[in-house]
Amino acid sequence: MNSITIKDFYKDILGESCPDINQFLNDNLHKDVGHFNIFDISEISKTCTSKTGMPYNRRTYYKISLINGKNKVEYADKTIEIEDCAVLFASPKIPYNYTHLCTDQSGHFCVFTKDFLPASKIGLEIDNLPVFSPQSDFVYQISIEQYQKFESVFLKIHDEINSDYAYKYDLLRNYLMELVHFGQKLKPITPIANNITAASRTTTLFIELLERQFPIENISHLLQLKTPADFAGILGVHVNHLNRVLKDTTGKTTGEIIGSRIFQEAKMLLTQTQWNVSEIAFTLGFEEVAHFSNFFKKYGKQSPQHFREHVLV
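Predicted model only: the values in this text are computed from it and were never measured. (Residues numbered from 1 in each chain as written. Predicted model: local features only at pLDDT ≥ 70, side-chain atom pairs only at ≥ 80, totals over all residues. Heavy atoms only, no water.)

### Topic: the environment of Phe296
Phase 1 of the analysis: On the secondary structure map, Phe296 appears in helix α12 (residues 289-300).
Phase 2 of the analysis: For Phe296, a relative accessible area of 0% gives the class buried.
Phase 3 of the analysis: Through-space distance from the C-alpha of Phe296 to that of Ile262 is 9.4 Å; in sequence the pair is 34 residues apart.
Phase 4 of the analysis: When residues no more than four places from it in sequence are discounted, the contact partners of Phe296 are Phe263, Ala266, Lys267, Leu270, Lys301, Gln302, Ser303, Pro304 and Phe307. (Helix = DSSP H or I, 4+ residues; strand = E, 2+ residues; numbered from the N terminus. Buried < 20%, exposed > 50% of the residue type's maximum accessible area, 1.4 Å probe, protein only. Contact = heavy atoms within 4.5 Å.)

### So, the pattern of salt bridges
Phase 1 of the analysis: Counted by the stated rule, this structure contains four salt bridges.
Phase 2 of the analysis: Between Glu178 and Lys156 there is a salt bridge, with its nearest N and O atoms 3.9 Å apart. Here Glu178 is found in helix α6 (residues 168-184), whereas its partner Lys156 is found in helix α5 (residues 144-161), with 22 residues between them in sequence.
Phase 3 of the analysis: For Arg261, the salt bridge goes to Glu211, with nearest N and O atoms at 2.9 Å. Placement of Arg261 in helix α10 (residues 254-272) and of Glu211 in helix α7 (residues 198-211) is noted, with a sequence separation of 50 residues between them.
Phase 4 of the analysis: Beyond isolated ion pairs, a larger network of salt bridges with shared partners links Glu211, Arg261 and Glu265. (Salt bridge = Lys/Arg side-chain N within 4 Å of Asp/Glu carboxyl O.)

### Some remarks on α6
Phase 1 of the analysis: For α6, with 17 residues, the first-to-last C-alpha span of 24 Å sits near the 24 Å given by 1.5 Å per residue.
Phase 2 of the analysis: Every buried residue belonging to α6 is among Lys168, Leu172, Arg173, Tyr175, Leu176, Met177, Leu179, Val180, Phe182, Gly183 and Gln184, and all of these are buried. (Expected span 1.5 Å × (residues − 1).)

### Side note on the side chain of Ser65
Phase 1 of the analysis: Topologically, Ser65 is positioned in strand β4 (residues 62-68).
Phase 2 of the analysis: The class for Ser65 is buried, based on a relative accessible area of 6%.
Phase 3 of the analysis: Each residue touching Ser65, except ones within four places of it in the same chain, is listed here: Ala86, Val87, Leu88, His108 and Phe109.

### With respect to the nonpolar core
Phase 1 of the analysis: In this structure, Ile64, Phe112 and Phe132 are the most contacted members of the largest nonpolar core, which totals 35 residues.
Phase 2 of the analysis: The leading source of residues in this core is α6, at seven residues.
Phase 3 of the analysis: If near-sequence neighbours (up to four positions away) are discounted, Phe112 is found in contact with His35, Phe36, Tyr61, Tyr62, Lys63, Ile64, Leu117, Ile126, Phe132 and Leu176.
Phase 4 of the analysis: One finds Ile207, Ala232, Leu270 and Leu284 within the second-largest nonpolar core, a separate group that totals 29 residues. (Core = buried A, V, L, I, M, F, W, Y, C linked by side-chain atoms within 4.5 Å.)

### Considerations on the pairing of strand β9 (residues 106-112)
Phase 1 of the analysis: With six of its seven residues buried, β9 lies for the most part within the structure.
Phase 2 of the analysis: One ladder, built from five bridges, connects strand β2 (residues 36-40) with β9; its direction is antiparallel. Across the sheet, Phe36 pairs through a bridge with Phe112, a residue of β9.
Phase 3 of the analysis: Bridge analysis of β4 against β9 gives seven bridges, and the strand direction is antiparallel. Residue pairing for β9: Leu66 is matched across the bridge by His108. (Pairing = 2+ DSSP bridges.)

### Quick word on the sheet that holds β2
Paired through their backbone hydrogen bonds, the strands of a sheet run either parallel or antiparallel.
Phase 1 of the analysis: Spatially, five strands are ordered β2-β9-β4-β7-β10 in an open sheet, and the strand pairing comes out antiparallel. The open sheet has two edge strands, β2 and β10 (139-141), and neither has a second partner. Ignoring which end each strand starts from, the neighbouring axes of this sheet average 10° apart.
Phase 2 of the analysis: The strands that α5 touches are β2, β4, β7 (85-90), β9 and β10; relative to β2, the one it contacts most, it runs at about 125°. (Axes fitted to C-alpha atoms, helices over the stretch in contact; angles between N-to-C directions.)

### Brief notes about the pairing of β7
Phase 1 of the analysis: The buried fraction of β7 amounts to six of the six residues, a majority that puts the element mostly inside the structure.
Phase 2 of the analysis: Side chains of β7 alternate between two faces, with Cys85, Val87 and Phe89 and Ala86, Leu88 and Ala90 buried alike.
Phase 3 of the analysis: Here β4 pairs with β7 via six bridges, running antiparallel. Within β7, the residue paired with Ile64 across the bridge is Phe89.
Phase 4 of the analysis: Two elements, β7 and β10, share three bridges in a ladder whose sense is antiparallel. Following the sheet pairing, Val87 is matched in β10 by Tyr140.

Everything listed is a geometric property; what it means functionally is a separate question.
Encoded structure:
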């Protein structure tokens, strides 16, 4: 499988003959802030020779697309049929194939490198964001109203990217994270079944139950399902069976998956809220702060407070 770089992307989607493409590539791909750009899908169709799809390759860049039109996305063992409006969050971790099913396409998309959203700027690693997780169904169906909400942010990005505002890249990062947070509140499109087994169904249901509890948005939002037994009870299976299934399908035990996800949320709360460590421990289901601290040290090799102070420096 080929790896497609950001430079390859421009050549592939816009074509070598697109006006000013070579000058753009020479002038703008090596900025010390990382790379970021935004496109209007309908304008690209009018001004540049664009392909009707994107081959199944691994991209080295990230992409957020606001889609209006019929399309098909294929990744892993899943096929997503987009009928009208959707938003797609693509990362280097998930190779996918994208095909237009009609010529009437509109919307927006932005592309950016990992350097554009460093942990020092957003408080966490971009790959730890749920929408960019390999476990995420990264295509989300949205309503017209939700489309307009997303589009309002894309339009602000269009306005800002060509401005001479001294802090425009900080502002663009904020807009980008606004899109991310909108996306993390959406429900994924249901994939078309491809030889789904009982084990994969159990795994999918487990992941859905786990992810449904996140993100934690306020202090009164308490984690309800915290142990393998909690999930086994809801799924109607023995805890040993659940553990065996998850170990076979994911390579990890039930406890490891739950712990990893809670740790991920803990890091987000420590960097993105002003809640004290005791409040965060309580929302994540720890009755004692000491228990939370020991848990965090197990996964992060440092205390929650040290992590917060180090990241926010």
